[in-house]
Amino acid sequence: MDWAIIMSILSVLAGSSTVVTFVLYRKQQKRFKTAEAFEKEVEALKNTVETMRQQLTFYDGRLTEMQKLVVGKDAYIGQLSQEKHILEIKNSKNKSAMNKAYGCEHCSDVALCPVLKQRALHEEEYLKSLSAVK
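Everything numeric in this text was worked out from a predicted model, so none of it was measured.

(A) View of the overall build of the protein. Across its full length, the protein carries two helices and zero strands. Residues classed as buried in the protein amount to 2% of the 134 residues present. Entry remark: accessible area of the protein is about 12,700 Å², with carbon and sulfur atoms responsible for 63%.

Take a look at the structure:
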């Protein structure tokens, strides 16, 4: 036989085995590529979930801090309200005592009463402090 015919037959056999291999493994290659793509998606989702967990932990900490601040401020507001109430009672008692100074018999002239002079001085200071605040 001629070597050309033998080489042609061997080439056809080798080429056909390549085509058969391509056809048989094509589906398997496609499955591998699909699996790789799915694996990459899963990894991306895992990273996203981990990032969200870290953010959740951070915001939980911030929320706890803010709750502590609110509780502390509420306690402080309660304390200030109680002190304000006590000062209002004290102020009303002082006003009552000052009003009694008008009926005082120790000073002949009400304008000379030291208690009422001090009261007038305090009122002036109070009005100046109010105008300075505005």
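(B) How the structure looks around the packing of aromatic side chains. This model, assessed by the stated rule, comprises one aromatic pair. Centroid distance F58 to Y59: 5.2 Å. Interplanar angle 70°. Geometry classified as edge-to-face. By relative accessible area, which is 53% here, Y59 ends up exposed.

(C) Spotlight on the pattern of salt bridges. Within the structure shown, the criterion is met by two salt bridges. We note a salt bridge from E50 to R53, for which the minimum N-O separation is 3.9 Å. Of this pair, E50 and R53 both sit in helix α1 (residues 3-101), three residues apart, roughly one helical turn. Among the residues examined, R53 registers a relative accessible area of 53% and is labelled exposed. In this structure, K84 and E88 form a salt bridge, with 3.1 Å as the shortest nitrogen-oxygen distance. Taken together, the residues K84 and E88, both in helix α1 and four residues apart, mark about one turn of the helix. In this structure K84 comes out as exposed when scored by relative accessible area, which is 52%.

(D) Region of interest: the environment of L116. The residue L116 is located in helix α2 (residues 114-133) in this model. A relative accessible area of 10% places L116 in the buried class. The spatial distance from the C-alpha of L116 to the C-alpha of Y102 is 8.0 Å, given a sequence separation of 14 residues.

Thresholds applied
- Residues numbered from 1 in each chain as written.
- Predicted model: local features only at pLDDT ≥ 70, side-chain atom pairs only at ≥ 80, totals over all residues.
- Heavy atoms only, no water.
- Helix = DSSP H or I, 4+ residues; strand = E, 2+ residues; numbered from the N terminus.
- Buried < 20%, exposed > 50% of the residue type's maximum accessible area, 1.4 Å probe, protein only.
- Areas by Shrake-Rupley, 256 points an atom, 1.4 Å probe, with all protein chains shown as cover.
- Phe/Tyr/Trp six-rings, centres within 6.5 Å; stacked < 30°, edge-to-face > 60°.
- Salt bridge = Lys/Arg side-chain N within 4 Å of Asp/Glu carboxyl O.

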